[in-house]
Amino acid sequence: MGQQMDRPDERHRRPDGVSDATVAALGKLSEALECVERARGHLYSMHQLIGRADLMLDDVVEQFRAAGHPHLADRIATELRGRNAIAGRWTFQIVEEFDDGYHALFREVDQQARDELVGGRRHLYEAEMKERRRSRGRPGHEARPGGGG
């Protein structure tokens, strides 16, 4: 049992007949998806930051009016506050289009490739790298959680 537990679990083992090239290609696709996920996070950050900045403009307009600069207050209130981030879209619309389009397709293609080629398994490339790099029997180098030495 101890030796069996010192191996990756079934979902992180390459199915029989799957080539190194296939595992490498799936690994690169997974890495690309991870980049897209990071970009998506930045897109959500932009969405929140632009929204916050737009709400801050309420105070800016009031402060310019109070400071005796109504022409700047009026310009900010009518031209800048509430303006689309890009033609016809606030940032929530950009996020929705990205999520429903590019992001959804990327995830769909990743899932299809894994389903067709390795029975849906994820991170096989990384799991095999872990096996090559870990020191068997050493604390902190277990093959899986609760796997012992």
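Look a little higher up for the structure.
Residues numbered from 1 in each chain as written. Predicted model: local features only at pLDDT ≥ 70, side-chain atom pairs only at ≥ 80, totals over all residues. Heavy atoms only, no water.

1. So, helix α5 (residues 124-133)
Next up, step 1: Those residues of α5 that fall on the buried side of the exposure criterion are Leu124, Ala127, Glu128 and Glu131. For α5, the angular spread of the buried residues around the axis is 95°, confining them to a single face. Exposed residues lying more than 90 degrees from the buried face of α5 are Arg132 and Arg133.
Next up, step 2: Among the structural elements, α2 (20-66) and α4 (91-118) are those in contact with the buried residues of α5. (Buried < 20%, exposed > 50% of the residue type's maximum accessible area, 1.4 Å probe, protein only. Helix = DSSP H or I, 4+ residues; strand = E, 2+ residues; numbered from the N terminus. Arc of directions from axis to C-beta. Contact = heavy atoms within 4.5 Å.)

2. Brief notes about the side chain of Arg121
Next up, step 1: Along the chain, Arg121 turns up in the loop between α4 and α5.
Next up, step 2: Residue classification places Arg121 among the buried residues on the basis of a relative accessible area of 18%.
Next up, step 3: Setting aside its immediate chain neighbours within four residues, Arg121 contacts Glu10, Arg11, Arg13, Pro15 and Arg114.

Any functional reading would require information beyond the geometric quantities listed.
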